[in-house]
Amino acid sequence: MEPLINIHSSAVPLPAEDIDTDQIIPARFLKAITKEGFGKNLFRDWRYDKNNDIKGDFVLNNPIYKGQILVAGKNFGCGSSREHAAWALYDYGFRVVISSYFADIFKGNALNNGILPITVSEEELHLIFRRIETDPAHHFDIDLKNQILSIDEKTKILFTIDAFKKECLLKGYDDIDFLLSLDKKITSFEESQIIY
Amino acid sequence: MGKTLFDKIWDAHIVTTVEGGKQVVYIDQHYIHEVTSPQAFNGLKTRNIDLRRKDKIIATTDHNVPTKDQHLPISEPLSRKQVETLLYNCETFGVTCYGLGHKNQGIVHVIGPELGITKPGMTIVCGDSHTSTHGAFGCIAFGIGTSQVEQVMATQCLILNKPKKMRITINGILPKGVSSKDIVLYIISKLTASGGTEHFIEFAGDTISTLSMEARMTICNMSIEMGARGGLIAPDQKTFDYIKGRKHAPDEETWEEAIQFWETLYSDDDADFDTEYSFNAEDIGPMVTYGTNPGMGIRIMDKIPSDKNSKALEYMGLRTGESLLGKEIQYVFIGSCTNSRIEDLRQVAQFVKGKHKAKHITALIVPGSKAVEEQAKKEGLDKIFAAAGFELREPGCSACLGMNEDKVPAGQYCVSTSNRNFEGRQGPGARTILASPLTAAAAAVEGKLVDVTNMV
Ligand code: SF4
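Here the structure is a predicted model, which means the values were calculated and not measured. (Residues numbered from 1 in each chain as written. Chains lettered and ligands numbered in written order. Predicted model: local features only at pLDDT ≥ 70, side-chain atom pairs only at ≥ 80, totals over all residues. Heavy atoms only, no water.)

Q: Help me out: how do you make sense of the site of the ligand in this one?
A: Residues and elements named next belong to chain B. All residues in the neighbourhood of the ligand are listed as His63, Ile107, His109, Asp128, His130, Ser336, Cys337, Cys397, Cys400, Leu401, Asn419 and Arg425. A breakdown of the residues in the shell around the ligand according to their chemical character gives five nonpolar, five polar and two charged. When residues of the shell around the ligand are sorted by domain, at least three fall in each of domain 1 (5-160) and domain 2 (290-454). (Near = heavy atom within 4 Å. Nonpolar A, V, L, I, M, F, W, Y, C, P; charged D, E, K, R; others polar. Domains from an automatic or database assignment.)

In structure tokens form, the structure reads like this:
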């Protein structure tokens, strides 16, 4: 996993609410056996029509909007626990998702895959959408260390993140790296455990 | 202060606590299948590390497999590739794997208990949300994502926040024809599909104690459909009797010791729960769902309530205020990790014996495991099903999620004993009505939804 420290990027707006994991990556792509390549099928059925033709009106197909930040409506990532949703976002190039609410499992999956989910208030979310609307090239700044999302010089949002997951993102560690470092403790637990 | 059953098991598995309060929890048993494991095995290969405990992981093929002609190569190329990848990975890493045709193969949540691997007091995980099923044995069992599958493979541990604790108590005697599937659908209809969010649920009360292990598994299986992390039930004599003599049960020498330990696994009288609910068994009736999440359920004798979710009703082709009694249906699916055990098949067989399915109905019975299939044949249930016009298939997840060929055509109604009625779950446009095996069997015979309380 690449460390995530500061992000300076424009953002892609997706104001729909309740975007579920089936929309992020449809079930028919779950038969894959690797994590790579999901980016091309991210929001597949919104990006392409039945004949596999590009839907010009979808935001990801509009060259004005690009960047490492996805801004989405409330309750992003609800539905199944498929981690493929996080892989698809990462593979496409997103490192940050901003929304006013994240489904629990998606949030965990995102953090486990190097994506920072930032929860903001409903008002702040609108502010961000408006900002992108007036200037699609506007760059936002994210400083993970200090947990600050800067909309501009004046408007800064302090966001929360689990202390442990923050460390992991900053260092590019994942849970396995950390757990592997606990080898001795795990061994002594195993030695003392009685199971039937 | 006393401890809950959940606390007792959780606390006994803490390896250490990390910054910010998360805990490193040791996992006693890991089940894997073809869909959520390949990327985890790849992760191990990339990191160049081995499995920490090969003795604590078991693999099976279930989600993607055909339920016909399992002795032949799988014809769908992507499914075949996924199944072959699992076999290859298990071979490479030295994991016990029950592939197609093996006598222990089946849906992961059916074979674990059947083989006596699932036992009280354990922590159990699998890359599948319905891992909650195993909680029926008094253990902490829950579904995980693929990164976590890799974590458990590599370290046998997970880094977790301790969930909140809920207790749901059900007392009283169930009306005739009402089963554990109806209990759990009733609870979800009351609590909604998100009523259990952030919690682990203990099911208790005298109604639960009278239930068989199969019936308890059905309830814990669907605990996650109310948004909970999992469900569990304190072990008792029924639990011990079920485990005794199974392949992975404690041997003669340690049996007494095991029982002594298992008997300590209950919630203390003064234990504290974050949330509590209680229900009366007498109020429960045969349940059916009318919408597109498992919380949208009613007793068959009730009418569809007015609901904000008109999109769901539109998808289902139903209206507010409508009764589902007499509703014509086209498909019946008896199977899935919720209701595909031998007890379910026996109940269906007993009902359909000497009867025949309605002409326009397609009725599929998919056993949860090879062992269930064999047992059904041994008892002659296959002949009863055949005579009644039901098709008995080979084990797998099948139409529960429609990853294989077993799909319900768009617009058609399927009375299903599975656990999810999401849009498109059983096939694009398929309309799923969740119900008990008895209600499903009766619907197949009558060709429409009926109230089974008057029929048994
Ligand atoms: S039967 Fe259905 S719910 Fe159960 S494990 Fe298989 S797909 Fe999941």
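Q: Would you explain a negative patch on the surface in this entry?
A: Residue and element names in this part refer to chain B. Together, Asp269, Asp270, Asp272 and Asp274 make up a region of like negative charge exposed at the surface. Here Asp270 lies in the loop between α10 (252-262) and β12 (275-280). Assessed through its relative accessible area of 47%, Asp270 is described here as partly exposed. (Patch = residues over 30% accessible without salt bridge, like charges linked within 9 Å, V, L, I, M, F, W, Y side chains within 5 Å. Areas by Shrake-Rupley, 256 points an atom, 1.4 Å probe, with all protein chains shown as cover. Salt bridge = Lys/Arg side-chain N within 4 Å of Asp/Glu carboxyl O. Lys, Arg positive; Asp, Glu negative; His and termini not counted. Charge placed at Lys NZ, Arg CZ, Asp CG, Glu CD. Helix = DSSP H or I, 4+ residues; strand = E, 2+ residues; numbered from the N terminus. Buried < 20%, exposed > 50% of the residue type's maximum accessible area, 1.4 Å probe, protein only.)

Q: Would you mind going over the pairing of strand β3 (residues 69-72) of chain A with me for this structure?
A: Residues in a regular strand project their side chains so that they alternate between the two faces of the sheet. All names here are of chain A. Along β3, one buried face is formed by Ile69 and Val71 and the opposite face, lined by Leu70 and Ala72, is buried too. Pairing of β3 with strand β4 (residues 96-99) involves three bridges; the strand directions are parallel. Bridge pairing in β4 links Leu70 to Val97. Following the chain from β3 across helix α3 (residues 84-92) to the adjacent parallel β4, one finds a crossover that is right-handed. (Pairing = 2+ DSSP bridges. Right-handed = clockwise from strand over helix to strand, strands pointing away.)

Q: How should the sheet that holds strand β18 (residues 413-416) of chain B be read in this particular structure?
A: Strands belonging to one sheet form pairs held by backbone hydrogen bonds; the direction of such a pair is parallel or antiparallel. Residue and element names in this part refer to chain B. Across the sheet, five strands lie side by side as β17-β16-β15-β18-β19; this open sheet has parallel pairing. Of all the strands in the sheet, the pair left with one neighbour each is β17 (391-392) and β19 (431-434). With four bridges connecting them, strand β15 (residues 331-334) and strand β16 (residues 362-365) associate as parallel partners. Along β16, the bridge assignment pairs Tyr331 with Thr362. Strands β15, β16 and β18 of the sheet are contacted by helix α15 (residues 437-446), whose axis makes an angle of about 150 degrees with β15. (Contact = heavy atoms within 4.5 Å. Axes fitted to C-alpha atoms, helices over the stretch in contact; angles between N-to-C directions.)

Q: Looking at this structure, I do not really get the packing of helix α12 (residues 342-352) of chain B against α15 of chain B. What am I missing?
A: Angle between the axes and distance between the axes: these two values describe a pair of packed helices. Residues and elements named next belong to chain B. Two elements in contact, α12 and α15, have axes separated by 9 Å at closest approach and are oriented at 35 degrees. Classified by chirality, the crossing of α15 by α12 is right-handed. Side by side, α12 and α15 meet where Asp344, Gln347, Val348, Phe351 and Val352 of the first sit next to Pro437, Leu438, Ala441, Ala442 and Val445 of the second. Class assignment of the residues belonging to the contact of α12 with α15 gives a composition of eight nonpolar, one polar and one charged. (Left-handed = near helix turned anticlockwise from the far one by under 90°.)

These figures capture arrangement, not role.
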